Each structure stands twice: as C-alpha cells, then as structure tokens.
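Coordinate inspection notes
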Amino acid sequence: MSDSNKFDFSGLKRVVKIGISYRSLFTAVVIFAILSAVVSTYRPYLMKDAIDQYILNKDVPGLLYFILLIGAVLMVEVLLSFAVIFIANKIAQRVIRYLRVRLFDHIIKFKLSYFDRTPNGVLVTRSVSDIETIAEIFNNGILTLMVDTLRVIFIISIMYYMNWMVASIVIIILPLMIIITNLFQKALKKVYQAERTVTAKLNTYVQERLSGMTIVQLFNRQEKEFEGFKSINKELRTAFLKTNLYFALLFPVVDIVSAVAIGLLLWFGGLRTAVHGDVSVGEVMAFISYITMLTQPMRQIADRFNSIQRGLIGADRVFKILDDDQTLPNNGKEVLTDVKGEIEFEKVVFSYVPENPVLKGISFQSKPGETIAIVGATGAGKSTIINLLSRFYDIDSGDIKIDGKSIYSVELSNLRSHIAVVLQDVFLFNSTIYENIILGNTSISLENVEQAAKEIGIHNFILSLPNGYHTEVNERGASLSVGQRQLISFLRAYVYNPEILVLDEATSSIDTESETLIQNATEKLTKGRTSVVIAHRLATIQQADQILVMENGEIVEKGTHQELLEKGGYYHKLYEVQFQSSEF
Ligand SMILES: Nc1ncnc2c1ncn2[C@@H]1O[C@H](COP(=O)(O)OP(=O)(O)OP(=O)(O)O)[C@@H](O)[C@H]1O
Ligand SMILES: [Mg+2]
C-alpha cells in the first residue's frame, strides 16, 4: 500500500475545490467555524471576569447577570458548533453526490476491454465506499481541523493578552503536545492501515465465497472455507486490538500533559497571585480552562488526520478513474439511414490481448436480408465477431462495413441503433419482464410488447409466468432458464425492430418446449433482415444462406449446408460430432 503513505495534496486540493464550488454553503461554514472558535475561547474569559469582579466582590445581582451571559454564550457556542457540523455534512454529501454521478457517467462510457481487465468488485468499491470516505475529508477532517487550529491560535493570543509571563510558562507544553501528537498520529496511521488491509481481505473473501456458493457446497468445501474465514477474522481482531491499545495509551498521555501544564500554572500563577498579586484568581481559573481546551484537540488529532488520509486515498482512487479516458473513440460523423443490411468484413485482425490475435484475417460478405450462420468449435472466435460488428471492441487491422460504409466512420449510437444483439448469456435487470424489454424506452407500450410477443410466438409463454409481463426477474435472471432468458431477449430485439440482427445462440442444452419456441422465434426474427447467427442448432444452420465455418480465428470453409456437407471437410466432421449426437 505504497499509495497510502504519502499525503497527497493535489487530491486534497481537488476535493476542496469541489467543496468550495458550493459557494454559499462553504462561505457559511467558514464564517460559522471562525465564530465558533471565537465564542468558545471567549467563555473562559467571561468566567474570569465573573470570579474577579463579582464573586470576589460578593456582587450577587451582577453575578446572576454574568451567569446568564455565560449561559447565553454557551447556547450560541452550541448552535454554532451544530451549524458547522450540519453544513460540513451537507457539503460533504453534495461533493460525493457530484463525484458519484460523474464517476458512474464516466465508467458507463468505458470500452468493454476495460471491464475485461478490471474486476467488477473494484469498480463497485470505487463508486460506493471509496467515494464515501471522501465525505470524511469534510465531515471529520479539514473543517474541524480548521476550528481546532483557530481555537489554538485564539487561546494562545488571549493567554498572552491576560498575562504574558504565565502564558509563556504554560506554552512550554506546546512542543510537547506537538511531539506526542505526531508520534501517535504516525503509530495510529500504521495500525489503521493494517486494519484496512485486513478488512479488505475479509470483504473479498466473503464476497468470493458467496458468489461461488454452489462450488463451495458442491465440493464440500464448507469446513475449509470456514477455517479460512476464521483465520482472517482473527487477523482482523488483532488489528483492532492494536488500534485500541494506542487509543488507550493516547488519552492518559494527553491527561498527563494537561496535568503538567496545570501544575506549572498553579505553581507559577499561584506564586504571582499570592506573592506579587499581579495575577488574579479568575485568571488562574481561566488559564486552567484554556489548558484543557488546548489539549482537547490532541485526543482527536490522530483521528482527524486519519480521516483526511483515508478520504484522500479514496479521492486518489476515484480521480484515477475519472482521469482515465477509456471511452471508445466516437469520431464517426456519418449517420446510417435506410440501412439495407449489407455487411462486410475485410481481412479483420483482432486481439483482446495485444500480440495474441483471436481473429486472424476474417473476410466475408452478406447480401441484404441474408442469414449468415457461424459455426465452429468453442473458443474459435465466433462471439468475437459479433462483438466487433457492434463495435464493443476496435479491431487491429482490416475494416468492417455496413452498406459499404466503414462502421468506424459512423456515429456510435447511430450504428448500434441499427443492430439488435441477442447474446449467448442473456443479462436481465432486476425488474419486471416488461421493463427488461423496453429498457427505459417508455414510448413502447405494453400493448406493443404483447403484440410483438404474439408475433414471435412467445405471448403464451410469458403469460404462463406468475405475473405475466409484470413478473419480476431476479438478479442475472436467475429465476428463468437459459432458454427462457433468450426468449425474453428475442422479444427485446424484435420490439426494437433493427435492420440487422445478431444472435449468439445459447450453448447450454435447452428443454424441448423452449427449443421449439426459440426455433419459431428465430425464424420470425431473421426474416427480412440481415442476420448473423452463431448457430448451435441444426435447424438454424440448415436455413442459413451462408455458413461460415471457423477454426482457431480463421474461416476455414464457406457455403450452404448442402455444399459444405458434400465437400466432406471440416464442416462435415463438425456436423457429425455436434449434430449426430443424441441431442439432435
Ligand atoms: N474479453 C476477452 N478477453 C480476452 N480474451 C477473450 C475475451 N473473450 C474471448 N476471449 C478469447 O478469445 C477467443 C475466442 O473467444 P470467443 O468467445 O469468440 O469464442 P466462441 O467461438 O464464441 O466460443 P463459444 O462457442 O464457446 O462461445 C477465446 O480463446 C477466448 O479465450
Ligand atoms: Mg461464444
């Protein structure tokens, strides 16, 4: 964790800048903070007057008046301190809301290769908890630190104003305070860091075990995983205990410092009062109050720095993503209208990982309205082809054209609006089927969706679900089978009625009922529009106008089902292996 060792001022500056941009709130909090520091340092001074002028002079009505005055000052002090905390929180919440929106908006535009490299867990942490820690910079961090610093300055000034000799004696403890604070801050930083590392470890451990619960139970790993959990938990406990130990030490040490200062004061101040008479009793009392006030922030200073530090680490991580431009270049200006659906791949070379080409010079062409089936062994590069057509990734060399226009010259959202994609593994959001189909486009009514479902023959299937179109699908569509999920995805594509359809048929075996539904829906969907289908079903392949046979990133054969069978090559073999087996 080398990044957490330095105090990153540029990050602090950026965060504070965002805070300052809420100008009226920020001005208010600064004014209240200054007032709060002034008023709280004024109270002991009032007390001094109360003692010297009224108590010692036995002036009872005057004393009553003074007590009321002190009470009023106390009230103001409380209100000010409330205002500072409240507004600081408000600013903090605005800052993190602003950052969170910006971050999400930024990440959502990143190209897919970024997500291939970055675990989802990391991005979730960045956009939720890391941003949360930034709030601490304001809440518990700089503003309170500012109040404390101001207070120290005011206290010292007022002490000197009262009596410079006594003040100088008391001030001797200042370096001592600084040294102790520093020592504890360093020590605490270390243990806090250890604590955080172990917490992160525990989070990852639990998260992974929860996602992989099936595997854990299937392979009877419960005992082992539990042992692992216990051992990390133990580490965490040790880390917590260490933090506690330092805090347990810090407070008595602060008390000793304060006691030493008070001792010095009583000795010297008392001497001056009794012998020389130039220090009043009230002043001695006020000095005692001030010493307590001086040492009080020491108890929290380590915590404050830690909050700021933690916030800065969070800020640093968030800014790193914000400064990282991983968006897919969208320089295309052309707009496709009246798409006929002629697709052409020209010697396309592509690699997910540099130097490791997955497609090694793919060329093919489709006439408008044709259905192209792609077949080939697993890992041959079939799904990759459709990733490229909708420009989820950019190619290394070659070109991809629609109606003779390179897709790289076309504006990205325009390009994608002409292509509907049904993926191999359908993702459904955690909401109703209807909402999963319209995806926020409320101009598509339920009637439209029902009509479309009837047309592709899945209306009855949807009605058979518990709540019809309003059935909630769980996370990742877990309550629906793979085949059923594809059907929903078909409907989604059909409703959007694009000129080009890309379909990656599910590889996992599908029950016969869904199978027939899928078959019919596929026919309906591919009819009259150019379709690229990664086919695992014999019926789809047989009806295709063109079959591309892929092996290891290359197209090894091309033709119709009949032509390819007669050729007796790779397709023939594949056909025998895949489709002559019991399933088909
Ligand atoms: N996001 C990715 N990052 C890196 N490599 C990838 C990525 N996606 C796929 N690959 C690799 O690219 C190759 C082709 O993958 P692709 O998904 O196109 O295969 P496929 O023909 O669709 O296989 P299947 O029939 O199993 O779906 C594989 O070797 C795979 O490991
Ligand atoms: Mg695939």
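One can find the structure itself at the top, above this paragraph.
This write-up is about the structure you can find in this document. (Residues numbered from 1 in each chain as written. Chains lettered and ligands numbered in written order. Predicted model: local features only at pLDDT ≥ 70, side-chain atom pairs only at ≥ 80, totals over all residues. Heavy atoms only, no water.)

Looking now at the pattern of salt bridges. For the structure shown, the criterion picks out 20 salt bridges. For R209, the salt bridge is made with E208, and the minimal N-O distance between the two is 3.3 Å. E334 is the partner of K405 in a salt bridge, and the nearest nitrogen-oxygen pair spans 3.4 Å. In this pair, K405 sits in strand β5 (residues 405–406) while E334 sits in the loop between α10 (281–323) and β1 (343–350), placing the two residues 71 residues apart along the sequence. (Salt bridge = Lys/Arg side-chain N within 4 Å of Asp/Glu carboxyl O. Helix = DSSP H or I, 4+ residues; strand = E, 2+ residues; numbered from the N terminus.)

For the pair helix α6 (residues 164–171) and helix α9 (residues 222–276), the least separation of the axes is 9 Å and the interaxial angle reads 165°. Taken together, α6 and α9 sit at an angle that is classed as roughly antiparallel. Crossing of α6 over α9 shows right-handed handedness. For the pair formed by α6 and α9, the contact residues are M165, V166, I169 and V170 on the first element and L264, L265, F268 and R272 on the second. The residue inventory of the contact of α6 with α9, partitioned by class, reads 7 nonpolar, no polar and 1 charged. (Axes fitted to C-alpha atoms, helices over the stretch in contact; angles between N-to-C directions. Parallel < 35°, antiparallel > 145°, perpendicular 65-115°, else oblique. Left-handed = near helix turned anticlockwise from the far one by under 90°. Contact = heavy atoms within 4.5 Å. Nonpolar A, V, L, I, M, F, W, Y, C, P; charged D, E, K, R; others polar.)

Here the focus is the site of ligand 1. Of all residues adjacent to ligand 1, which total 13 residues, the nearest are D116, T378, K382, S383 and T384. D116 places a side-chain nitrogen or oxygen 2.8 Å from a nitrogen atom of ligand 1. The separation between an oxygen atom of ligand 1 and a polar side-chain atom of Q424 is 2.8 Å. When ligand 1 sits alone it has 630 Å² of accessible area, and the protein chains cover 65% of it. Here the shell around ligand 1 gets 3 residues from one element, more than from any other, and that element is helix α11 (residues 382–389). Considering only residue class, the shell around ligand 1 consists of 5 nonpolar, 6 polar and 2 charged. (Near = heavy atom within 4 Å. Polar contact = N/O pair within 3.5 Å; in protein donor to acceptor, adjacent residues only side chain to side chain. Areas by Shrake-Rupley, 256 points an atom, 1.4 Å probe, with all protein chains shown as cover.)

Moving on to α6. All of the buried residues along α6 are V166, A167, I169, V170 and I171. Its side-chain oxygen at 3.0 Å from the backbone nitrogen of M165, N163 defines the N-terminal cap of α6. (Buried < 20%, exposed > 50% of the residue type's maximum accessible area, 1.4 Å probe, protein only.)

It is worth spelling out the coordination of the magnesium ion (ligand 2) at this point. The magnesium ion (ligand 2) binds to the protein through S383 (OG) and Q424 (OE1), with metal-donor distances spanning 1.9 to 2.6 Å. With a gap of 41 residues between them, S383 in helix α11 and Q424 in the loop between β6 (419–422) and α13 (433–438) connect regions that are remote in the sequence. On the basis of relative accessibility, which here comes to 29%, the residue Q424 falls in the partly exposed class. (Donors = N, O, S within 2.8 Å, 3.2 Å for Na, K, Ca; no water.)

Looking now at the sheet that holds strand β3 (residues 371–376). Here 6 strands make up an open sheet; going across it, the order is β6-β7-β8-β3-β9-β10 and the pairing mixed. Looking along the sheet, the strands with just one partner apiece sit at the ends: β6 and β10 (554–559). Here the average twist between neighbouring strands, direction ignored, is 15°. Along the sheet, helix α16 (residues 482–496) contacts β6 and β7 (500–504); its crossing angle with β6, the most-contacted strand, is approximately 175°. Sheet strands in contact with helix α17 (residues 512–526) are β3, β7 and β8 (530–534), and its direction is about 155° off that of β7. (Pairing = 2+ DSSP bridges.)

A separate point is the side chain of S531. Tracing the chain through its elements places S531 in strand β8. Classification of S531 by relative accessible area gives buried; the value is 0%. Side-chain polar atoms of S531 contact the backbone oxygen of R529, separated by 3.0 Å. If we skip the residues at most four places from it in the chain, S531 touches E370, T371, I372, L501 and T526.

Before going further, it helps to examine the side chain of E344. With respect to the helices, strands and loops of the structure, E344 is situated in strand β1. K401 provides the closest opposite charge to the buried, salt-bridge-free E344, at an N-O distance of 4.8 Å. (Lys, Arg positive; Asp, Glu negative; His and termini not counted.)

Read these as spatial facts, not as claims about activity.
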